[in-house]
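# Commentary on secondary and tertiary structure
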Amino acid sequence: MSTPDNNSDTSHRNSFAPEESLGDAEAASVVRDIAEVPAVEVITTAAVHLMSAAAVKCGLAAGPDAEDLKDLDEARKLITALAGFVTAAAPEIGSQHAGPLRDGLRSLQLAFREASEFPDAPGKGPGEKFTGAVN
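Now for a quick tour of the structure. (Residues numbered from 1 in each chain as written. Predicted model: local features only at pLDDT ≥ 70, side-chain atom pairs only at ≥ 80, totals over all residues. Heavy atoms only, no water.)

## Description of the environment of Val56
When you line up the elements, Val56 lands in helix H2 (residues 39–57). Along the sequence, Val56 and Leu69 sit 13 residues apart, while their C-alpha atoms lie 6.6 Å from each other. Sequence-distant contacts of Val56, defined by excluding residues within four places in its chain, comprise Ala61, Leu69 and Lys70. (Helix = DSSP H or I, 4+ residues; strand = E, 2+ residues; numbered from the N terminus. Contact = heavy atoms within 4.5 Å.)

Encoded structure:
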């Protein structure tokens, strides 16, 4: 939630000077490009981004610093968002697209449970209010 206190420092914000903004022709081209992308592709791409971020936060990143990148509080948020997203999108994108997303989500939920020092009770893990208990 935004408050005046956490929005007062604008030195780190990105802004575009007029010379950096897109011209009308370039903006129209970008809009056309976006318009040509099927909704199912946008949805699956967003889900894959959430999955990738959650995997890193569960400590599943490749490399020696995977444990340093682990943050289960952040992973919980990402997995819960992914669960809600996949649950809401599934009827719209069909089982051929939703199935693999559900499988990835379930794998992340299990990885989270395994990474937790004190695992959540069944049905209380990240995203389980949307998916049901994961075993």
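## Description of the pattern of salt bridges
Using the criterion set out here, one finds 5 salt bridges in the structure. Residue Lys70 is joined to Glu67 by a salt bridge in which the shortest nitrogen-to-oxygen separation is 3.3 Å. Judged by its relative accessible area of 54%, Glu67 falls in the exposed class. Among the ionic pairs, Asp120 bridges to Arg76, the shortest N-O distance being 2.9 Å. Highlighted residues: Asp120 in the loop between helix H5 (95–115) and helix H6 (128–131) and Arg76 in helix H4 (residues 72–93), separated in sequence by 44 residues. Classification of Asp120 by relative accessible area gives partly exposed; the value is 21%. By relative accessible area, Arg76 is classed as partly exposed at 28%. Here the salt bridges share partners, and the residues they tie into one network are Asp73, Glu74 and Lys77. (Salt bridge = Lys/Arg side-chain N within 4 Å of Asp/Glu carboxyl O. Buried < 20%, exposed > 50% of the residue type's maximum accessible area, 1.4 Å probe, protein only.)

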